[in-house]
Amino acid sequence: MISQSHWLLATRAARTRENRVLRERLLIGFKLWGVRRVQLRTVVLVAGGFLLITVAALLHWAAGAAAIVTVASAALAQSRPATEVRFETTGQGWAFAGEHLPYRPVSDVMEHRPRDVVSRLAARYQPGHQVEMVLWIIATDGTGQPWTLVQDRFGGTIPSVTASAVGLVSGACDPYLEAQRLARAEVGVALADVVVVGWGTDTSLDARRDVILVIGRTSSAAASLANHTYDGGGRRSHMVELHPDSVARSLTAVDARRWQAGAVRCLVSTLDVLYPGSGPLLEDLVTDPWRVRRMFGRVGRLTAHPAETDAPTGPVVLKVVGGEVTEEAEFREPIKHDRALSWEGTPRALPTRYG
């Protein structure tokens with residue numbers, strides 16, 4: 001017969017095991033629902049949202065419905081994965097690595113079917129309207145490592161860097177077919193696969209144009225593109241390994257303003273297609289070198305000798321334009337004196353105290 005003390009110990013042990021099982025189940029439930037990953041601002045947002053919904057519902061049902069939609073949209077925006085590539089659109093373009101690159105996206109269609117992409121382009125542009133196609137070509141080496149061809153241009157007002165192939169096409173076109181033609185005309189390779197990233201307005205390199213951003217994969221070996229030369233003059237190319245470190249070195253080899261903004265946007269998307277979630281890493285690698293280049297460029301403009309510049313420059317000042325800090329050079333008119341100075345000769349004698 002079990003004594004009362006043994007029975008109490010057995011009951012206490014059973015309750016302890018039951019409590020441990022309940023805690024483990026509760027912890028598993030928390031992990032499954034992701035409560036641990038909910039940030040403090042999300043909790044505050046949800047709590048404030050429920051309060052707003054309650055107050056609005058008491059006032060009017062339409063206001064309550066609008067509040068529900070607002071809170072739901074904000075909650076969905078907060079729940080996006082941190083590794084997703086986010087392009088912050090600003091008034092002058094999109095923010096990347098501390099720079100405001102002047103590319104304004106209109107449509108991102110990477111996940112759309114080709115038929116839908118062609119239909120949307122036909123609806124946006126009139127027949128005969130010319131736009132610019134920016135194409136990055138991907139080729140692999142013997143180990144399967146992807147490479148791309150970077151184009152350096154020297155014929156414009158300033159040396160610039162852009163994608164593997166850039167050319168004018170009709171806006172209302174089949175971009176998949178036009179990318180094939182552009183790759184053959186500019187680089188001399190055939191594309192095995194084409195992905196349209198999107199289109200928008202590019203105002204970089206002192207020009208404004210609509211651009212279509214495209215990624216093309218070729219079956220040609222990367223070594224065959226290494227010695228490629230462009231027709232025409234003032235252009236050359238070099239190969240860059242499609243890896244975050246190599247792409248970051250290529251981007252920061254020159255100032256951000258020498259890159260075509262649409263080409264940078266398409267290159268970041270290309271790298272994210274090959275290495276999902278690599279966008280934040282690439283941005284971190286590029287931010288500091290571009291900031292250093294920007295600082296040294298500012299110092300160079302301030303300390304440049306007048307004989308080294310083509311036009312007279314004034315002091316460089318910082319101004320707030322459209323809510324953003326920009327640099328502007330102030331050109332001041334020379335002061336015109338309407339009186340005789342002490343070191344200037346005068347047509348008449350000046351009276352003195354000695355006569």
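Novice: For the overall build of the chain, give the residues involved together with the corresponding values.
Specialist: The secondary structure content of the chain amounts to 9 helices and 13 strands. Burial analysis of the chain (355 residues in total) assigns 33% to the buried set. Of the contacts formed within the chain by residues at least 6 apart in sequence, a portion of 67% connects residues at least 24 apart.

Novice: Report on the environment of D284, specifying residues and quantitative values.
Specialist: Take D284: it is sitting in helix α9 (residues 279–303). Expressed as a C-alpha distance, the spacing of D284 and F96, which sit 188 residues apart in the sequence, is 9.7 Å.

Novice: Hey, could you go over the packing of helix α7 (residues 244–252) against helix α8 (residues 261–274) for me, with residue numbers and the actual values?
Specialist: Across the interface, α7 lies against α8 with an axial gap of 11 Å and an inter-helix angle of 170 degrees. Relative to α8, α7 is oriented roughly antiparallel. Contact residues: α7 offers P244, V247 and L251, while α8 offers V264, L267 and L271. The class makeup of the residues in the contact of α7 with α8 is 6 nonpolar, no polar and no charged.

Novice: Tell me about the pattern of salt bridges, and please be specific about residues and values.
Specialist: Scanning the entire structure with this criterion turns up 8 salt bridges. A salt bridge links E178 to R181; the nearest nitrogen and oxygen atoms lie 3.4 Å apart. With E178 and R181 both in helix α5 (residues 175–186) and 3 residues apart, this pair spans about one turn of that helix. Given a relative accessible area of 18%, E178 falls into the buried group. Assessed through its relative accessible area of 48%, R181 is described here as partly exposed. Residue E186 is joined to R235 by a salt bridge in which the shortest nitrogen-to-oxygen separation is 2.8 Å.

Novice: Tell me about the environment of D152, and please be specific about residues and values.
Specialist: Here D152 lies in strand β6 (residues 146–153). Residue classification places D152 among the buried residues on the basis of a relative accessible area of 11%. Distance in space between the C-alpha atoms of D152 and R258 is 9.9 Å, their sequence separation being 106 residues. Those residues within four positions of D152 in sequence are excluded, and the remaining contacts are S160, V161, G234, R235, R236 and H238. There is a polar contact of 2.9 Å between the side chain of D152 and the side chain of H238.

Novice: Pulling in residues and values, what's your account of α8?
Specialist: Spanning 14 residues, α8 covers 20 Å between terminal C-alpha atoms, matching the ideal 20 Å at 1.5 Å per step. Taken across its 14 residues, α8 has 11 buried, putting it largely inside the fold. Buried within α8 are the following residues: A261, G262, A263, V264, R265, C266, L267, V268, S269, T270 and L271.

Novice: Please provide a residue-by-residue account of the packing of aromatic side chains, values included.
Specialist: All told, the structure shown has 2 aromatic pairs when counted by the stated rule. Taking the centre distance of 6.2 Å and the plane angle of 80 degrees together, the rings of F96 and W290 count as edge-to-face. Of this pair, F96 sits in strand β2 (residues 94–96) while W290 sits in helix α9, and the two are 194 residues apart along the sequence. With a relative accessible area of 3%, F96 lands in the buried category. Taking the relative accessible area as the measure of exposure, W290 reaches 1% and is therefore buried. An aromatic cluster of at least three residues, connected via ring pairs, comprises W94, F96 and W290.

Novice: Give a detailed account of the side chain of S237, specifying residues and quantitative values.
Specialist: Within the secondary structure layout, S237 lies in strand β11 (residues 235–241). A relative accessible area of 16% means that S237 is categorised as buried. Here the side chain of S237 touches H228 through a polar contact of 3.0 Å, landing on its backbone oxygen. In contact with S237, other than residues within four places in its own chain, are L149, V150, H228 and Y230.

Novice: Account for the nonpolar core, with residues named and values stated.
Specialist: Membership of the largest hydrophobic core comes to 34 residues, with the highest contact counts inside it found for F96, L251, W259 and L282. Looking at which element gives the most residues to this core, the answer is α8, with 7 residues.

Novice: Explain the side chain of S204 to me, and be specific about the residues and the numbers.
Specialist: Looking at the element boundaries, S204 is found in the loop between β9 (191–202) and β10 (209–221). Given the relative accessible area of 4%, S204 is considered buried. A polar atom in the side chain of S204 sits 3.1 Å from the backbone nitrogen of A261. Not counting the four nearest positions on each side in its chain, S204 is found in contact with P102, R209, W259, Q260 and A261.

Novice: An account of unusual backbone geometry is needed here, citing residue identities and associated values.
Specialist: Not every positive phi belongs to a glycine, and A97 is a case in point at roughly 55 degrees. Positionally, A97 belongs in the loop between β2 and β3 (99–101). Judged by its relative accessible area of 1%, A97 is buried.

What counts, and at which threshold
- Residues numbered from 1 in each chain as written.
- Predicted model: local features only at pLDDT ≥ 70, side-chain atom pairs only at ≥ 80, totals over all residues.
- Heavy atoms only, no water.
- Helix = DSSP H or I, 4+ residues; strand = E, 2+ residues; numbered from the N terminus.
- Buried < 20%, exposed > 50% of the residue type's maximum accessible area, 1.4 Å probe, protein only.
- Contact = heavy atoms within 4.5 Å.
- Axes fitted to C-alpha atoms, helices over the stretch in contact; angles between N-to-C directions.
- Parallel < 35°, antiparallel > 145°, perpendicular 65-115°, else oblique.
- Nonpolar A, V, L, I, M, F, W, Y, C, P; charged D, E, K, R; others polar.
- Salt bridge = Lys/Arg side-chain N within 4 Å of Asp/Glu carboxyl O.
- Polar contact = N/O pair within 3.5 Å; in protein donor to acceptor, adjacent residues only side chain to side chain.
- Expected span 1.5 Å × (residues − 1).
- Phe/Tyr/Trp six-rings, centres within 6.5 Å; stacked < 30°, edge-to-face > 60°.
- Core = buried A, V, L, I, M, F, W, Y, C linked by side-chain atoms within 4.5 Å.

Any functional reading would require information beyond the geometric quantities listed.
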